[in-house]
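Residue-level listing of the chains:
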Amino acid sequence: MSKTLRGAPVGTLSVMRRDERHRVTLTLNGSERSSLCAPRELLSDFLRHELGATGTHVGCEHGVCGACTVRVDGVAARSCLMLAVQADGRAIDTVEGLAPREGLGDLQEAFRRHHALQCGFCTAGILMSCADYLERMHEPTEAQVRDMLSGHLCRCTGYTPIVAAVLDVAASRARARHVEATTVGETCDA
Ligand code: FES
Ligand code: FES
């Protein structure tokens, strides 16, 4: 029997052909979506071109600018550093999923209130990083927020209002948690 270079019998290896399309099924912002992609297609391109989620922007395409940031199983990740086939079966959240059915989410509303965007090219990626970050870091300092934002490049350089918006959301969520805890405590004491 003829052998491949690695010594395995021909026919036992599954080889992805360059021109072959592969089905990827994932959960996008809570809804199951499925489409075909090329083996080396980036997740960022798959989201934009195959699934129409064009809110995810593409800047550098090599993991530097952060414009393409989405959440993969809840964790912020550069979609230009991931292949679409690697997202098969996973939950992907993009900026389109941030807003409730009507209006804006609190993070988006804070960005609007603080004028935390200029051209807006970097904004979707920054919002997705902040959404993940604020779920893990409840009361960050300004220095910590700036450290988190260092993973994003804003060509308009409007970092100060972005930091203010993130701190504003952190503070208002902390107040809401405090009110909730107080109400629960009073209910238990009654
Ligand atoms: S486009 Fe992905 S990090 Fe710049
Ligand atoms: S608002 Fe223009 S790149 Fe950030």
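Looking at an unreviewed UniProt entry, one finds the protein named Caffeine dehydrogenase subunit gamma and attributed to Cupriavidus numazuensis.

## A closer look at the domain arrangement of the protein
Annotation of the protein at the domain level lists domain 1 (22-97) and domain 2 (106-189). Facing the 15 residues of domain 1 at the interface are 13 residues of domain 2. For the side of domain 1 that touches domain 2, the elements supplying multiple residues, two or more each, are β3 (69-72) and β4 (75-78). Class assignment for the residues of the side of domain 1 that touches domain 2 results in eight nonpolar, six polar and one charged.

## Some points on the sheet that holds strand β5 (residues 91-93)
Spatially, β2-β1-β5-β3-β4 is the arrangement adopted by the five strands of the open sheet, whose pairing is mixed. Pairing within the sheet leaves two strands with one partner each, and these edge strands are β2 (31-37) and β4. Each strand of the sheet is rotated relative to its neighbour by a mean of 40°, with strand direction disregarded. Where β3 meets β5, two bridges bridge the pair, whose relative direction is antiparallel. The residue bridging V72 from the neighbouring strand is I92, located in β5. In the packing of helix α3 (residues 123-136) onto the sheet, the strands contacted are β3 and β4, and the crossing angle to β3 comes to about 35°.

## Details of the pairing of strand β1 (residues 22-28)
Judged from the seven bridges that link them, β1 and β2 form a sheet pairing that is antiparallel. Paired with T25 across the bridge in β2 is S34. Where β1 folds back on β2, the antiparallel hairpin that results is connected by two residues, among which N29 adopts a positive phi of roughly 50°. Of the pairings in the sheet, the one linking β1 to β5 comprises two bridges and is parallel in character. Bridging across to β5, T27 finds its partner in A91.

## Comments concerning the nonpolar core
Core analysis: the largest hydrophobic core is formed by 45 residues, its most contacted members being F46, A87, L107 and L127. Broken down by secondary-structure element, the contributors of at least two residues to this core are β1, α1 (43-50), β3, β4, α2 (106-113), α3, α4 (142-149) and α5 (159-189). When residues of this core are assigned to their parent elements, the largest contribution, six residues, is made by α3. Residues lining this core come from more than one domain, with at least three contributed by each of domain 1 (22-97) and domain 2 (106-189). In this structure A87 touches V24, L26, L43, V72, M82 and I92, once residues within four positions along its chain are discounted.

Cut-offs used in this document
Residues numbered from 1 in each chain as written. Chains lettered and ligands numbered in written order. Predicted model: local features only at pLDDT ≥ 70, side-chain atom pairs only at ≥ 80, totals over all residues. Domains from an automatic or database assignment. Contact = placed C-beta atoms within 7 Å. Helix = DSSP H or I, 4+ residues; strand = E, 2+ residues; numbered from the N terminus. Nonpolar A, V, L, I, M, F, W, Y, C, P; charged D, E, K, R; others polar. Pairing = 2+ DSSP bridges. Axes fitted to C-alpha atoms, helices over the stretch in contact; angles between N-to-C directions. Core = buried A, V, L, I, M, F, W, Y, C linked by C-beta atoms within 7 Å. Buried ≥ 20, exposed ≤ 12 C-beta atoms within 10 Å, placed from the backbone.

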